[in-house]
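# Overview (structure and organization)
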Amino acid sequence: MTTVVLADDEALLRKALAALLPLEGEITVLAEAEEGEAAVETTLRHLPDVLVIDLEMPGMDGLDAVAEIRRARPEQVILMLTRHARPGVLRKALRLGVQGFVSKSAEPAHIVSVIATLHEGRRWIDPDVSALAVVDDCPLTDREIDVLRATREGYSVADIAARLHLAEGTVRNYLSNAMQKTQTRTRHEAARYAREHDWL
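Everything quoted here is computed from the prediction, not taken from an experiment.

So, on to the overall build of the protein. A count of helices and strands for the protein gives 10 helices and 6 strands. Since a compact globule built from 200 residues should have a radius of gyration of about 16 Å, the 17 Å found for the protein is in line with a globular shape. On the principal axes, the C-alpha backbone points of the protein span a range of 55 × 35 × 30 Å. Looking at the protein residue by residue over its 200 residues, the buried ones come to 50%. Counting contacts in the protein only where the partners sit at least 6 residues apart, residues at least 24 apart contribute 64% of the total. When the accessible surface of the protein is split by element, carbon and sulfur atoms take 53% of a total near 9,500 Å².

This is the structure:
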């Protein structure tokens, strides 16, 4: 029996997975979380075999939650659900140690088989996810992407610096570089441009 924690802000999808996964395979859903902070707290409390987490959630998103969980529990097996396999995001998730990526449109039986694959110590990236991620035309560095993601979430330069453990001047430099590369006048325009091009 494989134990799982589900983290997704889409209640309908999360509840459907919680009901369907045990019917499709030897899976016990220990708990659910609807946003990033709860995903961290729930995972560290229940210590599941596999954490199934959505990439995009309000507040602390899936990548930030994974980074925190990894710091506290480096061995945690993680399956990330995603609609948008942006190259920079995929690279960052792989660096954080995420073992699997599955499209949110996947059938529950497929998700169950991937959970089993990850639990056996192997990796899995859905072909449609990897195909989207291979086309990388993004001129931004990973750090520039980080500061633009935080900008898009409404954080000030000071907040971004604190969140990313950087000096405010360094954050401003990254934002300035990103604005030059996207040929925009403000950091918010740069963040919007990057999002529209699927770089964030």
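This paragraph deals with the nonpolar core. Leu 51, Ile 53, Leu 63, Val 66, Met 80, Val 98 and Phe 101 are the most contacted members of the largest nonpolar core, which has 25 residues in total. Secondary-structure elements contributing two or more residues to this core are strand 1 (2-7), strand 2 (27-33), helix 2 (36-46), strand 3 (50-54), helix 3 (62-72), strand 4 (77-82) and helix 4 (87-96). A per-element tally of this core places helix 3 first, with 5 residues. Those residues within four positions of Val 66 in sequence are excluded, and the remaining contacts are Ile 53, Ile 78, Met 80, Leu 96 and Val 98.

The sheet built from 6 strands is open, its strands ordered 2-1-3-4-5-6 with parallel pairing. The open sheet is flanked by strand 2 and strand 6 (124-125), the only strands paired with a single partner. With 4 bridges connecting them, strand 1 and strand 3 associate as parallel partners. Note on strand 3: the bridge partner recorded for Ala 7 is Ile 53.

This brings us to the UniProt feature "modified residue: 4-aspartylphosphate" (unreviewed entry) in the protein. According to UniProt, the "modified residue: 4-aspartylphosphate" (unreviewed entry) feature falls on Asp 54. The residue Asp 54 is located in strand 3 in this model. Here Asp 54 falls in the buried class, since its relative accessible area comes to 3%. Residues contacting Asp 54, with those up to four places away along its chain left out, are Ala 7, Asp 8, Asp 9, Gly 62, Leu 81 and Lys 104. Polar contacts involving the side chain of Asp 54 include one to the main-chain amide nitrogen of Glu 56, which spans 3.5 Å.

It is worth spelling out the layout of surface pockets at this point. The space that makes up the largest pocket amounts to roughly 480 Å³. For the lining of the largest pocket, the secondary structure elements donating two or more residues are helix 3, helix 4, helix 7 (142-152) and helix 8 (157-164). Its residues assigned to classes, the lining of the largest pocket shows 6 nonpolar, 2 polar and 11 charged. When its volume is computed, the second largest pocket comes out at roughly 230 Å³. Around the second largest pocket, the lining is made up of 14 residues, and of these Glu 56, Asp 61, Arg 149, Arg 152 and Glu 153 lie nearest the centre. Class assignment of the residues belonging to the lining of the second largest pocket gives a composition of 6 nonpolar, 1 polar and 7 charged.

Every buried residue belonging to helix 10 (residues 187-196) is among Arg 187, Glu 189, Ala 190, Ala 191, Ala 194 and Arg 195, and all of these are buried. Looking at the packing, one finds that the buried side of helix 10 touches helix 7, helix 8 and helix 9 (168-182).

What follows deals with unusual backbone geometry. Not every positive phi belongs to a glycine, and Leu 47 is a case in point at roughly 50°. Along the chain, Leu 47 falls in the loop between helix 2 and strand 3. By relative accessible area, which is 42% here, Leu 47 ends up partly exposed. Unusually for a residue other than glycine, His 165 sits at a positive phi of about 60°.

Parameters at a glance
Residues numbered from 1 in each chain as written. Predicted model: local features only at pLDDT ≥ 70, side-chain atom pairs only at ≥ 80, totals over all residues. Heavy atoms only, no water. Helix = DSSP H or I, 4+ residues; strand = E, 2+ residues; numbered from the N terminus. Rg over C-alpha atoms; globule rule 2.2 N^0.38 Å. Buried < 20%, exposed > 50% of the residue type's maximum accessible area, 1.4 Å probe, protein only. Contact = heavy atoms within 4.5 Å. Areas by Shrake-Rupley, 256 points an atom, 1.4 Å probe, with all protein chains shown as cover. Core = buried A, V, L, I, M, F, W, Y, C linked by side-chain atoms within 4.5 Å. Pairing = 2+ DSSP bridges. UniProt positions renumbered as here; feature names shortened; annotations may be inferred. Polar contact = N/O pair within 3.5 Å; in protein donor to acceptor, adjacent residues only side chain to side chain. 1 Å grid on protein atoms, 1.4 Å probe; cavity = no way out; pocket = protein on both sides within 12 Å on 5 of 7 lines; lining within 4 Å. Points joined across faces, edges and corners; volume = space filled by probe spheres on them. Nonpolar A, V, L, I, M, F, W, Y, C, P; charged D, E, K, R; others polar.

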